[in-house]
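The primary structure of each chain is shown beneath.
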There are 4 protein chains.
Amino acid sequence: MWLRTSCELTFRIAAPTPFILMLRPRSGGQQWVAREEYAIMPYVPVFEYTDDYKNLCQRLVAPVGGFIVRTSANVKTIDLVETAPGAPFVEIQHLPNEVLSYLLPSRYCESDRFGEMATSITSGSLPGYDQVAAIEDWLRSNIRYFSGNSGRPISAAEVNQQQSGVCRDFAHLGIALCRSLSIPARMVVGYLYNLEPMDLHAWFEAYVGGNWYTFDAVQNGIKRGYVAVGYGRDAADVAIYNQFGPAVFPITQIVAVEQIENPD
Amino acid sequence: MWLRTSCELTFRIAAPTPFILMLRPRSGGQQWVAREEYAIMPYVPVFEYTDDYKNLCQRLVAPVGGFIVRTSANVKTIDLVETAPGAPFVEIQHLPNEVLSYLLPSRYCESDRFGEMATSITSGSLPGYDQVAAIEDWLRSNIRYFSGNSGRPISAAEVNQQQSGVCRDFAHLGIALCRSLSIPARMVVGYLYNLEPMDLHAWFEAYVGGNWYTFDAVQNGIKRGYVAVGYGRDAADVAIYNQFGPAVFPITQIVAVEQIENPD
Amino acid sequence: MWLRTSCELTFRIAAPTPFILMLRPRSGGQQWVAREEYAIMPYVPVFEYTDDYKNLCQRLVAPVGGFIVRTSANVKTIDLVETAPGAPFVEIQHLPNEVLSYLLPSRYCESDRFGEMATSITSGSLPGYDQVAAIEDWLRSNIRYFSGNSGRPISAAEVNQQQSGVCRDFAHLGIALCRSLSIPARMVVGYLYNLEPMDLHAWFEAYVGGNWYTFDAVQNGIKRGYVAVGYGRDAADVAIYNQFGPAVFPITQIVAVEQIENPD
Amino acid sequence: MWLRTSCELTFRIAAPTPFILMLRPRSGGQQWVAREEYAIMPYVPVFEYTDDYKNLCQRLVAPVGGFIVRTSANVKTIDLVETAPGAPFVEIQHLPNEVLSYLLPSRYCESDRFGEMATSITSGSLPGYDQVAAIEDWLRSNIRYFSGNSGRPISAAEVNQQQSGVCRDFAHLGIALCRSLSIPARMVVGYLYNLEPMDLHAWFEAYVGGNWYTFDAVQNGIKRGYVAVGYGRDAADVAIYNQFGPAVFPITQIVAVEQIENPD
């Protein structure tokens, strides 16, 4: 399906503020970016680089006053997210080198503390995809979802304690559980068609059977309409924006995803 | 200045043909990509990756029949290309690691064979920027320029022998001469505003005084309106498209660069 | 000074166990590895790769039974660790791209929670090196040091709460405080001459004035005799060994550092 | 088998000379480095980095006077080099990203000029491993081998013209032929047990059936005792040493490879 995604962030800046933004989707196996717009108002010099996770990041210093970042993209996504029930666990010694860092605990995914819980949740599941599916089910049944912004991120252990969370929290707990079983797992931030209420979204991917597969414990039904913008170990790595110095929050953050005609 | 660049390649494909394309400009210190479009007709799955030179490349298999790649971008470029007469030669031991590979000879730049010639051309110049400027001047005075497509690339040694060439040939010879003086040099492919006749263009950059500077022996006057699309050691690394299997050439290749209003 | 470092780990393995080891020092500006030995008994196939932080890592599957990893190296280190009082804070927009990830919070360094504390500790210090020195002093005065193994790592917030820790804990808290001031900071694991009692050691580096500088709040006097083995965001990235599956601990871990004659 | 390799280079330096050395074997699937020594006399600061091809390189400035680089290693190699007759050609679209650059022409491998010749040599061979084996056979039958140093490298086209060459020349021609068939191929420099006369050696690897396989048209019989030191596109990338400024050649270059007892 073809989607048009857009995100507009408006800030009021009191002192020149360095930003690192990550709002540029890239084309991969499951999405193709056919058109993209990225406006910064007022215009300031921007440097683009690729981070450790191959995200395209933009560095700039926002000037004093109103500051707007407006991005949009026309993206073709696969019709249905791929699933692979039964896909096997990949033995550590056979994992590609570039996947290994997704086994380690990270800021918001204390996987070193979830071994027993993950073993219990997945008892009876075949090692691999089915374990991750069991984790996704468990999250859906046991963590109460609320939408909206939870402020600064909390960690998987904190999510597990409060038994509720936003999409980012579900992803963190899912990732921590997977990694504690030696299944590489990573965070994805992006857009989701028909998300209610519309906003940026977060989900996770797990590496089983030689591929990364999408999991999203917040959504129930048919999985389609995902547009990835950033990948990383957790929310510390994939912030839509990182800002340095005195905290600055967007006055408005307007996100939209609409289906469009096949432009061919 | 704000430019709108576009390139449309039309192929007629007789058998499914793997392509690697490099037509996506990135934002850097000297250019900002505010809008970009990339259409493939008919649509086929495309995978994007970053190559060794940090270019964004697109992999796909073109299907039998007509095949069109149409890209365009709105880009803000710096008003005048930076120059730095007197910028010093950087001693090898102080070069950043990531610049070292641009010292080595490459497919079309046999820098291992140009030591004496480069020394002669630059005698009397201060080591560094002024040497490269002397090389640029020498090229402009000694190599006869012709526009149009020269077919498959020839090497710096061949260019030097025939004493004439297209923009790509000027860049190759300039690069080979720089490297033979231990000055890192790299090829750039992209767009140039007001190029006559309009087409994709090639030039080179040399690393002196701690920065990369633009050189283009084909152009005489004020330097402005450059939009870089790819970087590499030479044309072997920065082909707008690499195609595998039986040779396929574009039926048409339409390039345009026009000045646009500041979209702010 | 010339040092001979060695580390011997002995495990008793109950089931084939995948390991990732990081015990190979590399030569850099402050150390030169003149000789190195790395024995694995019994011998099993080992694959070496470079991780995201440029550490050389060894992957292997330890077989059932006794398993010994024995490494040693002859290393020339600089006579005195470099210091740079007054070296300035580097503005975010001028940091090299490859340093940016050391600004982010990580598993054991919740820098997102230390802003006020760091500001208070460093009030009166010039931005940059002197802030880090103030943090190092504060750690030395306020956190009680104990040697030996603390079991699995705890995080900076936990260290701060218990007001005591091993060398790794000091490093984590120091890093978290630096990053909360937008100073890139990273963990280093390695050897230290004359450490009492002898063991592997951990310290941290901060990026100020355009360079990485060594800080070690556990040591008081003259700083010399450091041999770095691994770098990373925190202990999650720089484990001397990571082991997967049921936990396995070394039966013995024998570390030695002795001064040797200049082998020239 | 266990081998002890050593290489000693002695230079007489007239003016301070920057060097980049590549003499440090790494452990991989087919070799394990159990012990390594690397002496530089007189001692000067050395910086180590990983190049684009993941080789460990050492940067230094050799001082005036005698300058000696002496390296040795104890290495376990696989008993017989792996072969895979029948291993299939990998379609371009299924090649891993990191292998793609080995398809491109390079300084000494003008693969863009060998299409017809390669097709002719491999007619009748199954696409993949068998094509490369046919190329290896053709080289052995058609290019006259001579040992010793040929001075500066010549390119595959030049080798093909003179119908003779050293090991490096065989590798360059083999690589150019493979790449012209869209088979990724790379140069390897290292040691070979029982090479006559003993010296550093060069061979090539081709990527077929999902793996890199060793080919060496200079050697006839059983293939064993290879120790790789560097990988790259061709000799431009994998020089045991690159030296900048006025040319300096080793006064002596002493290479040895001897079988040693299993040190376990």
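Residues numbered from 1 in each chain as written. Chains lettered and ligands numbered in written order. Predicted model: local features only at pLDDT ≥ 70, side-chain atom pairs only at ≥ 80, totals over all residues.

- The name given to chain A in an unreviewed UniProt entry is Transglutaminase family protein, with Imperialibacter roseus as the source organism.

**Focus on the overall build of chain A**
Here's step 1: The helix and strand inventory of chain A stands at four helices and 14 strands.
Here's step 2: Computed over C-alpha atoms, the radius of gyration of chain A comes to 18 Å, within 12% of the 18 Å expected from 2.2 N^0.38 for 264 residues, which places it in the range of a compact globule.
Here's step 3: Counting only C-alpha atoms, chain A reaches 55 × 45 × 35 Å along its principal axes.
Here's step 4: For chain A, the proportion of its 264 residues judged to be buried stands at 49%.
Here's step 5: Long-range contacts, defined here as pairs at least 24 residues apart, represent 75% of the contacts in chain A between residues at least 6 apart. (Helix = DSSP H or I, 4+ residues; strand = E, 2+ residues; numbered from the N terminus. Rg over C-alpha atoms; globule rule 2.2 N^0.38 Å. Buried ≥ 20, exposed ≤ 12 C-beta atoms within 10 Å, placed from the backbone. Contact = placed C-beta atoms within 7 Å.)

**A closer look at the relation of the copies chain A and chain B**
Here's step 1: Superposition record for chain A on chain B: RMSD 0.0 Å, screw rotation 180°, translation along axis 0.0 Å. What the rotation and shift describe, once combined, is the action of a two-fold rotation axis. Residues of chain A ranked by C-alpha distance from the rotation axis are headed by E36(A), positioned 2.5 Å from it.
Here's step 2: Looking at the interface residues of chain A, 100% of them are also at the interface in chain B, so both copies use one shared face. (Least-squares fit on C-alpha atoms with pLDDT ≥ 70 in both.)

**Regarding the interface of chain A and chain B**
The parts lose accessible area when they come together, and the size of an interface is often stated as this lost area.
Here's step 1: Contacts between the two partners involve 25 residues from chain A and, on the opposite side, 25 residues from chain B.
Here's step 2: Mapped by element, the contributors of at least two residues to the side of chain A that touches chain B are β3 (31-41) and β4 (47-50) of chain A.
Here's step 3: No other element matches the nine residues that β3(A) contributes to the side of chain A that touches chain B.
Here's step 4: Looking at the side of chain A that touches chain B residue by residue, the classes come out as 12 nonpolar, five polar and eight charged.
Here's step 5: Sheet analysis places β3(A) next to strand β3 (residues 31-41) of chain B, joined by three bridges and oriented antiparallel. Within β3(B), the residue paired with E36(A) across the bridge is E36(B). (Nonpolar A, V, L, I, M, F, W, Y, C, P; charged D, E, K, R; others polar. Pairing = 2+ DSSP bridges.)

**Here's the deal with the UniProt feature "domain: Transglutaminase-like" (unreviewed entry) in chain A**
Here's step 1: UniProt's feature table lists "domain: Transglutaminase-like" (unreviewed entry) at residues 159-219 of chain A, given in the numbering used throughout.
Here's step 2: Helix and strand shares over residues 159-219 of chain A are 30% and 38% respectively, and the end C-alpha atoms of the span are 18 Å apart. (UniProt positions renumbered as here; feature names shortened; annotations may be inferred.)

**Regarding the environment of E158(D)**
Here's step 1: Topologically, E158(D) is positioned in helix α3 (residues 156-162).
Here's step 2: Spatially, the C-alpha atom of E158(D) lies 36 Å from that of V33(D), the residues being 125 residues apart in sequence.

**Overview of the domain arrangement of chain A**
Residue and element names in this part refer to chain A.
Here's step 1: Domain assignment breaks chain A into domain 1 (2-78 + 241-259) and domain 2 (92-222).
Here's step 2: A separation of 25 Å is found between the C-alpha centroids of domain 1 and domain 2.
Here's step 3: Across the boundary between the two partners, domain 1 contributes eight residues, which contact seven residues of domain 2.
Here's step 4: Listing elements by their share of the side of domain 1 that touches domain 2, those giving two or more residues are β1 (2-13) and β14 (252-259).
Here's step 5: Here the residues of the side of domain 1 that touches domain 2 are counted per class, giving six nonpolar, two polar and no charged. (Domains from an automatic or database assignment.)

**A closer look at the interface of chain D and chain B**
Here's step 1: Each partner contributes to the interface: chain D provides 23 residues, whereas chain B provides 23 residues.
Here's step 2: For the side of chain D that touches chain B, the secondary-structure elements that each account for two or more residues are β2 (17-21) and β5 (56-62) of chain D.
Here's step 3: Here the side of chain D that touches chain B is built from residues that sort into 10 nonpolar, five polar and eight charged.

**Quick look at the packing of helix α2 (residues 129-142) of chain A against helix α4 (residues 167-180) of chain A**
A pair of packed helices is characterised by two quantities: the angle between their axes and the separation of those axes.
Residues and elements named next belong to chain A.
Here's step 1: Contact geometry of α2 with α4 gives a least axis separation of 10 Å together with a crossing angle of 145°. Crossing of α2 against α4: the hand is right-handed. Across the interface between the two elements, V132, I135, E136 and L139 from α2 touch F170, L173, G174, L177 and C178 from α4.
Here's step 2: Residues of the contact of α2 with α4, tallied by class, amount to seven nonpolar, one polar and one charged. (Axes fitted to C-alpha atoms, helices over the stretch in contact; angles between N-to-C directions. Left-handed = near helix turned anticlockwise from the far one by under 90°.)

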